[in-house]
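If you want the building blocks of each chain, they are given just below.
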Amino acid sequence: MLLQLSHLTKTFANGVSALGPVDLAVARGEFVSLVGPSGCGKSTALRVMAGLVSPSAGTVEFPDGRPEIGFVFQEPTLMPWATALENARLALSLKGVARDEADARARAQLAAVGLSGFENAFPRELSGGMKMRVSIARALAAQPKLLLLDEPFAALDEQTRGELNDHLIRLWREQNLTVVFVTHSVSESAYLSTRVVVMSQRPGRIVDDIAFSRAPEPDASRRFTAEFTDNAKRISAALRGGAA
């Protein structure tokens, strides 16, 4: 087991009870999507996993020791004055990794997300999808074992979103990642995941935990299969139950 949340709750200073109690275990190599209505605490749960937010109660445990964690926000949050390569190596530079090694690792991850040849481009010269690819490359350059993504494709058009879904599956497979992915999209969660965890209205609790029999593959034709449709229906039914 890579990650264990036990009896986790979060209440903010303004009195809003955002989350919990939540119990969730994530095994190595899983691709887990968190879905639920707006404001149900999905993003809060992700930030607690990352150590960006402290829980009000309960525990976050990494039984084999805390792994390297990569975090991808909903917005690319790139430095506008820096090139794609400079943005991608940011975390490595902050850690004091030698420049040559940092450049090599950043270049490799830019290539992995399909941005070879754009190393010297500035954010203003990139499309929304390309900016998000740089953000993912930045997270992966640190060679994380656990990758957390907070609705990274929500603002993108459907075609770009589909392409990045496929890129993410390839990265998950090729780099032996464990992924926790927050999304509002039933279709996206059904396409990407080995498991979908469905959350209730705030304060967010887990109302269903749906495991799929097959690991995801980067093949858009899967979206038109009966198996995919059935999986999406199961998620939608769980969401309706959580909202009731």
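Structure first, text after, so check above.
Here is what the cut-offs are and how they apply
Starting from 1, residues in each chain are numbered consecutively following that chain's sequence as written. Two thresholds apply to this predicted model, a pLDDT of at least 70 for residue-level local features and 80 or more for giving and counting side-chain atom pairs, whereas whole-chain, interface and lining totals are computed over all residues. The basis for the side-chain values is all heavy atoms of the structure; hydrogens and waters are excluded. The helix and strand labels rest on DSSP assignments: H or I over at least four residues marks a helix, E over at least two residues marks a strand, and numbering proceeds from the N terminus. Helix span, expected: 1.5 Å multiplied by one less than the number of residues in the helix. To sort residues, take the accessible area from a 1.4 Å probe on protein chains only and compare it with the maximum for the residue type: under 20% means buried, over 50% means exposed, and anything in between is partly exposed. Residue contacts are defined here by distance: any two heavy atoms, one from each residue, within 4.5 Å place the two residues in contact. Pairing between strands is defined by DSSP: at least two bridges between the two strands are required. All axes here are fitted lines through C-alpha atoms, helices being fitted over the stretch that makes contact, and every angle between N-to-C directions spans 0 to 180 degrees.

Details of helix H4 (residues 99-112)
Logical step 1: Along its 14 residues, H4 runs 20 Å from first to last C-alpha, staying within 8% of the 20 Å computed at 1.5 Å per residue.
Logical step 2: Among all positions in H4, only Ala102, Asp103, Arg105, Ala106, Gln109 and Leu110 are buried.
Logical step 3: On its buried face, H4 is in contact with helix H2 (84-88), helix H3 (90-94) and helix H5 (128-141).
Logical step 4: One or two positions beyond H4, positive phi appears at glycine 114, with a value near 85 degrees.

Overview of the sheet that holds strand E4 (residues 57-61)
Logical step 1: Reading across the sheet, the three strands line up as E2-E1-E4 and stay open at both edges, with antiparallel pairing between neighbours. Two strands lie at the open edges of the sheet, namely strand E2 (17-26) and E4, each paired on one side alone. Neighbour to neighbour, the strand axes of the sheet diverge by 15 degrees on average, direction disregarded.
Logical step 2: Relative to E2, strand E1 (residues 3-11) runs antiparallel, the two sharing six bridges. Paired with leucine 3 across the strands is valine 26, a residue of E2.

By themselves, these are just geometric observations and shouldn't be taken as functional.
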